[in-house]
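# Examining the three-dimensional arrangement
What follows is the residue order along each chain.
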Amino acid sequence: MGVSRLVVRPAGPLRGEITVQGAKNSALKLMAACVLAEGRYVLRNVPRISDVDHMLALLDAMRISGRWREDGALEIVRGSDVVPEAPYELVERMRASSAVLGPLLAAMGQARVAMPGGDDFGSRPIDMHLHGLEALGAEFSLTHGMIEGRATQLRGTEVVLEYPSVGATENLLMAGVLADGRTTVQNAAREPEIADLAAFLNRMGGRILGAGSPTITIDGVAELRAVEHTVVPDRIEVATLLTALGVAGGELTLRAVRPDHLDLLIDKLGRMGLRISPEEGGLWAMASGRPRPVDIATLPYPGLATDYLPMLVALLAYADGTSYATENVFSGRFRYVGELARMGAQVRVDGHHLVIDGVRRLSGAPVRAVDIRAGAALVVAALGADGPTTIADAHHIDRGYEHFVERLRGVGVDIERVDSERVDSERID
Ligand code: EPU
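Just so it is clear, the model here is predicted, and its values are computed rather than measured. (Residues numbered from 1 in each chain as written. Predicted model: local features only at pLDDT ≥ 70, side-chain atom pairs only at ≥ 80, totals over all residues. Heavy atoms only, no water.)

## Focus: the environment of leucine 56
Tracing the backbone through its elements, the reader meets leucine 56 in helix α2 (residues 50-61). For the pair leucine 56 and valine 359, spaced 303 residues apart in sequence, the C-alpha to C-alpha distance is 43 Å. Beyond its immediate stretch of four places on either side in the chain, leucine 56 contacts Met31, Gly66, Trp68 and Leu74. (Helix = DSSP H or I, 4+ residues; strand = E, 2+ residues; numbered from the N terminus. Contact = heavy atoms within 4.5 Å.)

What follows is the structure, given as structure tokens:
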């Protein structure tokens, strides 16, 4: 099997316009929600990324078909013969597969979903998903690595999440929407992708109030129907492009953005010295010179997203001073720091904190993408280096970014993909 690397060479300031893609983390859940009702769905603004291909493979394994239409929309057809099972090979490839648990239980009364294992972020359990669904009346057992769930009729109740987990909130929305009576989720996650899922479910006939706030009320309905929907813009792609601009300098216009989803990010980047101004349906941004150091801490929305942090650290690695960054969401999400260090970044890890001493220039080096955002961060870092950077395992980046290389080239980044045989790919550097 071929593997690909990205080669990035510093090429000066960025210039131009990019239309931002649809949000991966919304699109994947909307696709899972298609389990809920028979019919033909049309999803617009779904990014062409490999995680969407993974979700299509999972739907296919459940006998739900998907195809890209000529107009770029994703059409999903859900018939009556759904196989309520998410096999290990697919769950292991993409943890978001566990999003089918809630809809399968609600629509089919049963689910067999492989238990997700650990990953590069740490153990990442799904206990809150299971406890929430149990409160609604589901019963679970774990056999041979598979979670087997049953629910004759889910019943609405109050669920208090001990932490505003995105995935648990989504599973509860997709289960509660067909439950008998009212489900109230307290301490719900408030990410824009949750509000997008609730909007989709409401369009299907659901009765959900309060999505985007800490209390969501779901009045269960007897039936839902297939609908059309347009996915919200990807705020993480916006963060990637703006941090790239911060390192390379220049001027960018981003189209199809929801600036209201990006308040804190815009504030932090502004403090670093970027000039950003929301415009009708988009953002204009400009950067020059070294960024100023700032302190940042990730938190559930509306806090600063954990997914922004690797890219922000890459930008702060060039700051004119010392910054402190704290990761509060995924404690084990620092593997990219070692890769940045290979490029000469001065970053110390202290528990879940990072101390970043900015340097004027990083040094281009062979590095490895350990996950999607880590890969994006290395590209951001490479833009200001003193020579070429080669990023191995670029397939991680393809999980979350559509036509990444082409889009960046369009705004002046010198980036190319080099495919090579897997022979000794594990030790490419
Ligand atoms: N957690 C538990 N138990 C649970 C669920 C979560 O302990 O039952 C913990 C997790 O281990 C983690 C924290 O709670 O420490 C947050 O997890 P959450 O459930 O909120 O995240 P997620 O649903 O697993 C989604 C995104 C992530 C994003 C996080 C936080 C998708 C497919 N993934 O993950 O996105 O970082 O929310 O916003 O929506 C990415 O796009 O690269 C990515 C990793």
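## A few points about the environment of alanine 392
Residue position: alanine 392 is located in strand β23 (residues 389-392). Look at alanine 392 and you get buried, because its relative accessible area is 0%. (Buried < 20%, exposed > 50% of the residue type's maximum accessible area, 1.4 Å probe, protein only.)

## Comments concerning the site of the ligand
Taken together, 23 residues lie near the ligand, and Lys29, Asp127, Met128, Ser165 and Val329 sit nearest. Interatomic distance of 3.0 Å between a side-chain N/O atom of asparagine 25 and an oxygen atom of the ligand. The contact in question runs from a nitrogen atom of the ligand to an N or O atom on the backbone of proline 125, over 3.3 Å. Within the complex, 85% of the 830 Å² of free accessible area of the ligand lies under protein. For the shell around the ligand, the secondary structure elements donating two or more residues are α1 (24-33), α5 (127-135), α6 (166-176) and α12 (372-382). (Near = heavy atom within 4 Å. Polar contact = N/O pair within 3.5 Å; in protein donor to acceptor, adjacent residues only side chain to side chain. Areas by Shrake-Rupley, 256 points an atom, 1.4 Å probe, with all protein chains shown as cover.)

## Looking at the layout of surface pockets
By volume, the second largest pocket amounts to about 250 Å³. Lining the second largest pocket are 14 residues, and of these Val247, Ala248, Arg361, Leu383 and Gly384 lie nearest its centre. Grouping the constituent residues of the lining of the second largest pocket by class yields six nonpolar, five polar and three charged. (1 Å grid on protein atoms, 1.4 Å probe; cavity = no way out; pocket = protein on both sides within 12 Å on 5 of 7 lines; lining within 4 Å. Points joined across faces, edges and corners; volume = space filled by probe spheres on them. Nonpolar A, V, L, I, M, F, W, Y, C, P; charged D, E, K, R; others polar.)

## Digging into the packing of aromatic side chains
All chains considered together, the criterion is met by three aromatic pairs. On the numbers, 6.2 Å between centres and 35° between planes, the contact of tyrosine 41 with phenylalanine 200 is tilted. Residue tyrosine 41 is located in strand β3 (residues 39-44), and its partner phenylalanine 200 is located in helix α7 (residues 192-203); the two are separated by 159 residues in the primary sequence. On the basis of relative accessible area, tyrosine 41 is assigned to the buried category, the value being 0%. For phenylalanine 200, a relative accessible area of 0% gives the class buried. Summarising the aromatic geometry, the rings of tyrosine 401 and phenylalanine 404 are spaced 4.8 Å apart at their centres and angled 45° between planes, so their arrangement reads as tilted. With respect to burial, tyrosine 401 and phenylalanine 404 carry one shared label: buried. (Phe/Tyr/Trp six-rings, centres within 6.5 Å; stacked < 30°, edge-to-face > 60°.)

## Some words on the sheet that holds strand β12 (residues 207-209)
Across the sheet, which stays open at both edges, the four strands sit in the order β10-β11-β13-β12 with mixed pairing between neighbours. Whereas interior strands pair on both sides, the edge strands pair on one side only; in this sheet they are β10 (158-160) and β12. Each adjacent strand pair in this sheet contributes to an overall mean axis angle of 15°, direction not counted. Relative to strand β13 (residues 215-219), β12 runs antiparallel, the two being bridged by three bridges. When the sheet's bridge partners are listed, isoleucine 208 is paired in β13 with isoleucine 218. (Pairing = 2+ DSSP bridges. Axes fitted to C-alpha atoms, helices over the stretch in contact; angles between N-to-C directions.)

## Details of the pattern of salt bridges
Under the defined criterion, the tally for this structure stands at 26 salt bridges. When the shortest N-O distance is used, the salt bridge between arginine 40 and glutamate 75 registers 2.8 Å. Here arginine 40, found in strand β3, pairs with glutamate 75, found in strand β5 (residues 74-78); they are 35 residues apart in sequence, far enough to count as distant. Given the relative accessible area of 52%, arginine 40 is considered exposed. The residue arginine 271 makes a salt bridge to aspartate 267 at a minimum N-O spacing of 3.0 Å. (Salt bridge = Lys/Arg side-chain N within 4 Å of Asp/Glu carboxyl O.)

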